[in-house]
Amino acid sequence: MEFIDYYKILGLDKNASQEDIRKAYRKLARKHHPDLNPNDAEAHRRFQQINEANEVLGDPEKRKKYDQYGKDWQHADQFEKAGQGQGPQQPFGSGGQQFYTEGFEEGFASDFFESLFGHATGSRSRRTGRFRGQDYEAGLQLNLTDAYITHQQTLTVNGKNIRITIPAGIENGQKIRLKGHGAPGVNGGPSGDLYITFSIHNNTAFRRSGDDLHTTLTIDLYTALLGGEVTADTLAGKVKLKIKPETQNDTRIRLKGKGFPVYKKEGEYGDLYLTIQVQLPTNLTSQQKDLFTQLSKM
Amino acid sequence: MQATHYIAAAEFCSSHQVELTFIHELQQNDLLELSAEGQELLISEEQISVLEKIVRLHFDLEINLEGIAAILPLLERVESLQREMTALRNKLGRYEDI
């Protein structure tokens, strides 16, 4: 377990007065508060540290204990031996990784804190009693074909299975909030929320641009020159379309409503844009060469 | 049409340990829109998360209501810019893939 220098976190030296601590905490808390730094995981982490430092240094009794044992954390074993039989409040329990949770009002303690002071309760909050549970952050990777249809998935968050409906048309990087699926509140307070950030992996030949899809459609020279009917792939299956005679390379064809579903607008779709790529014939027979020569001289 | 759900202001106050006068003060400062059914004040579901944020900013960070009134629109702007940045990053990613 790593020693945490709470004075350093608050930018103070050990002679700081309680008023200095209060001011430093207030200043840093306003800078890093999760509400003032939306979607900023680093600010959340810093805020947990600041909160924990204030929980210890802002309370003269805890500060005294921290000053007494904190600096000698390397001698934890001796303390533990000396403290055996003194109940659960022994300084320095067993080791573990330093860990800051995501919440604010409760559950903000590192292992270091809990080994010194037991479980944190957020008791320095002005509103004592009920506390909102911490928010959870989770990431979910989907294939583009999964994001094309509204479907359900079961997520395991902190050992609990949550079944969620993912609406069709969700965007890469989009974050959704599932109210009340975070940690439970304390003393009957409301539960926190679960935030899921989606990462969409493109497993198709289509490029997505918002609700529109783009791809190339390869046709042969004869269809491009004389026109005809071809089959094109869409995410919903194959469609037939007519190619006009003398279609040029790089011609763009729009298939209305064959693009990606519009998020949370049932039945609405973007468009599919096909860019025509004309494929020239290869391995010409001598007869074909003669005919092309004739054409070139006409 | 989607149904709007409401929670009684008194219930919110009890759950979050704040005075009802605080809710009135927010309403007077145009920070919160309340509905009423008879004598009972109601808060819509969509206002709850805003209200919870205001409570945290005011009581945990000691920001006064004038400060909160300035902060909330700026936060909306930050979130809107973050959404725009995500959309632009996705767009840029498409060109980088080519």
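Since the structure is predicted, the reported quantities are computational estimates derived from the model, not experimental observations.

All right, on to the sheet that holds strand 11 (residues 272-279) of chain A then. Residue and element names in this part refer to chain A. The strand order across the open sheet formed by 4 strands is 6-7-11-10, and the pairing between neighbours is mixed. Taken across any chain shown, the strands that pair with only one partner, and hence form the sheet edges, are strand 6 (207-209) and strand 10 (252-255). Ignoring strand direction, the axes of neighbouring strands in this sheet form an average angle of 30°. The pairing of strand 10 with strand 11 spans 4 bridges and is classified as antiparallel. Considered in strand 11, the bridge of Arg 254 is made with Tyr 273.

Attention now goes to the packing of aromatic side chains. Residues and elements named next belong to chain A. For the structure shown, the criterion picks out 5 aromatic pairs over all chains. Aromatic pair Tyr 7 and Tyr 66: ring centres 6.1 Å apart, planes at 45°, arrangement tilted. Of the two residues, Tyr 7 sits in helix 1 (residues 6-9) while Tyr 66 sits in helix 4 (residues 60-69), which places them 59 residues apart along the sequence. Classification of Tyr 66 as buried rests on a relative accessible area of 3%. Their ring planes at 50° and their centres at 6.2 Å tell us that Tyr 148 and Tyr 269 sit as a pair that is tilted. Residue Tyr 148 is found in the loop between helix 7 (144-147) and strand 2 (151-157), and its partner Tyr 269 is found in the loop between strand 10 and strand 11; the two are separated by 121 residues along the sequence.

The next subject is a nonpolar patch on the surface. Taken together, the side chains of Tyr 222, Leu 225 and Leu 226 of chain A present a nonpolar region at the surface, about 320 Å² in accessible area. When you line up the elements, Leu 225 of chain A lands in helix 8 (residues 221-226).

A word on a negative patch on the surface. Residues Asp 30, Glu 33, Glu 45 and Glu 46 of chain B make up a contiguous surface patch of negative charge. As for its placement among the helices and strands, Glu 45 of chain B is situated in helix 3 (residues 45-60).

Turning to the side chain of Asn 37 of chain A, a few remarks are in order. Residue and element names in this part refer to chain A. Examined against the element boundaries, Asn 37 turns out to sit in the loop between helix 2 (18-32) and helix 3 (41-57). Judged by relative accessible area, which is 17%, Asn 37 ranks as buried. Here Lys 31 takes part through its backbone oxygen, which lies 3.0 Å from a polar atom of the side chain of Asn 37. A distance of 3.0 Å separates a polar atom in the side chain of Asn 37 from the backbone oxygen of His 33. The residues contacting Asn 37, other than those within four sequence positions of it, are Lys 31, His 32, Ala 43 and His 44.

On to the pattern of salt bridges. All names here are of chain A. Per the stated rule, a full pass over the model turns up 9 salt bridges over all chains. In this structure, Arg 45 and Glu 42 form a salt bridge, with 2.9 Å as the shortest nitrogen-oxygen distance. Placement of both Arg 45 and Glu 42 in helix 3 is noted, with a separation of 3 residues, approximately one turn of the helix. Judged by relative accessible area, which is 36%, Arg 45 ranks as partly exposed. Residue Glu 42 is classed as partly exposed on the basis of its relative accessible area, which comes to 42%. The salt bridge involving Asp 233 is made with Lys 238; its shortest N-O contact spans 2.6 Å. On the accessibility criterion, Lys 238 (63% relative accessible area) is exposed.

Attention now goes to the sheet that holds strand 4 (residues 175-178) of chain A. Residue and element names in this part refer to chain A. In spatial order, the strands read 1-5-4; together these 3 strands make up an open sheet with mixed pairing. Because the sheet does not close on itself, it has two edges, and the strands there are strand 1 (136-143) and strand 4. Strand-to-strand, the axes of this sheet are offset by a mean angle of 30°, without reference to chain direction. Relative to strand 5 (residues 194-201), strand 1 is paired through 8 bridges, and the arrangement is parallel. Bridge pairing in strand 5 links Leu 140 to Phe 198.

What counts, and where the lines are drawn
- Residues numbered from 1 in each chain as written.
- Chains lettered and ligands numbered in written order.
- Predicted model: local features only at pLDDT ≥ 70, side-chain atom pairs only at ≥ 80, totals over all residues.
- Heavy atoms only, no water.
- Pairing = 2+ DSSP bridges.
- Helix = DSSP H or I, 4+ residues; strand = E, 2+ residues; numbered from the N terminus.
- Axes fitted to C-alpha atoms, helices over the stretch in contact; angles between N-to-C directions.
- Phe/Tyr/Trp six-rings, centres within 6.5 Å; stacked < 30°, edge-to-face > 60°.
- Buried < 20%, exposed > 50% of the residue type's maximum accessible area, 1.4 Å probe, protein only.
- Patch = residues over 30% accessible without salt bridge, like charges linked within 9 Å, V, L, I, M, F, W, Y side chains within 5 Å.
- Areas by Shrake-Rupley, 256 points an atom, 1.4 Å probe, with all protein chains shown as cover.
- Salt bridge = Lys/Arg side-chain N within 4 Å of Asp/Glu carboxyl O.
- Lys, Arg positive; Asp, Glu negative; His and termini not counted.
- Charge placed at Lys NZ, Arg CZ, Asp CG, Glu CD.
- Polar contact = N/O pair within 3.5 Å; in protein donor to acceptor, adjacent residues only side chain to side chain.
- Contact = heavy atoms within 4.5 Å.

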